Amino acid sequence: MTFAATANAIVYTGAEPVFVDADETGNMNPDLLAEAFDALEREGRQVKLVLPVDLLGKVVNHARIDAIAADHGVPVLSDAAESLGATLDGRASASFGVAAAVSFNGNKIMTTSGGGALLTDDVDVAKRVRYFATQARRRAVHYEHTEVGYNYRMSNLLAALGRAQLARLPEMIERRRQLRLH
Ligand SMILES: *Cc1c(COP(=O)(O)O)cnc(C)c1O
């Protein structure tokens, strides 16, 4: 269960999304993920990535999902668009797997009016993502491009708005919690 953007991101790359059904939390069911791996491997299909979604602020079962993916030698990338500020066993959402995407769209936990961020603690992934997000421009004084890139950078004005929002994030999450309780 997710918003269409999760599947779109997969299709953009030329890959085919294979959906794994949810458990009672609404998030990816780890048992069904294991079954999907077995079925796809039987068909001789290559799995490149597992992309679980933290639906409505609930962080997925990373202990199991990440272990199943690791057993198959496949990285995990989280769609944490809806879970910024949430934690699982004291660990922040978007801190699991190789990287996680958060959204700053107008309907999210915090906003820059549009855009988002990719979070990772892998320096090589960060460099590669910045490269593709800035038109795949190579390091050269002239304009040199050898791969297809994207213009996915956030403008500095919107980033300034985001930094101010980030400072208020705990306050905004608390307000949401209060609204949820009443
Ligand atoms: C909002 C949302 C997105 C898309 O975020 P954008 O910033 O609009 O690209 C992706 N996945 C989920 C689960 C979302 O809720």
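Residues numbered from 1 in each chain as written. Predicted model: local features only at pLDDT ≥ 70, side-chain atom pairs only at ≥ 80, totals over all residues. Heavy atoms only, no water.

## Focus: the site of the ligand
Convention followed: Whether a residue is near a molecule or strand depends on its heavy atoms: if one lies within 4 Å, it is near. We define a polar contact as two N or O atoms separated by no more than 3.5 Å, with the added condition that, inside protein, one atom must be a possible hydrogen donor and the other a possible acceptor, whereas residues neighbouring each other in sequence contribute only through side-chain atom pairs. Charged residues are taken to be Asp, Glu, Lys and Arg, nonpolar residues to be Ala, Val, Leu, Ile, Met, Phe, Trp, Tyr, Cys and Pro, and polar residues to be all remaining types, Gly included.
Close contacts around the ligand come from T2, F3, A5, T6, V53, D79, A81, E82, S103, N105, K108 and G115, and that covers them all. Contact distances for the ligand include 2.7 Å between a nitrogen atom and a side-chain N or O atom of D79. Within the side chain of S103, an N or O atom sits 2.6 Å from an oxygen atom of the ligand. When grouped by side-chain class, the residues that make up the shell around the ligand number four nonpolar, five polar and three charged.

## With respect to the pattern of salt bridges
Our working definition: Salt bridges are identified by distance alone: a Lys or Arg side-chain nitrogen within 4 Å of an Asp or Glu carboxyl oxygen. Only protein chains enter the area calculation, which uses a 1.4 Å probe; residues under 20% of their type maximum are buried, those over 50% are exposed, and those in between are partly exposed.
According to the stated counting rule, one finds five salt bridges in the structure shown. Taking the shortest distance from any N to any O, the salt bridge between R45 and E43 comes out at 3.1 Å. Owing to a relative accessible area of 52%, E43 belongs among the exposed residues under this scheme.

## Brief notes about the nonpolar core
This is how it is decided: Residue types Ala, Val, Leu, Ile, Met, Phe, Trp, Tyr and Cys, when buried and joined through side-chain atoms within 4.5 Å, form a set referred to as a nonpolar core. Working definition: helices are DSSP H or I runs of at least four residues, strands are E runs of at least two. Numbering for both runs from the N terminus. Two residues qualify as a contact provided that any one of their heavy atoms is within 4.5 Å of a heavy atom in the partner residue.
Listed in full, the twelve residues of the largest apolar core are V20, M28, L33, A36, F37, V50, V60, I65, I68, A69, V74 and V76. Secondary structure elements with two or more residues in this core: α2 (30-42) and α3 (62-71). Contact partners of V50, with chain neighbours within four places excluded, come to M28, L33, F37, I65, A69, V74, P75, V76 and L77. Membership of the second largest hydrophobic core comes to eleven residues, among which are A80, L84, F104 and L169.

## Side note on the environment of H142
Checked against the element boundaries, H142 lands in the loop between α4 (123-133) and α5 (156-167). A C-alpha to C-alpha distance of 40 Å links H142 and I109, two positions 33 residues apart in sequence.

By themselves, these are just geometric observations and shouldn't be taken as functional.
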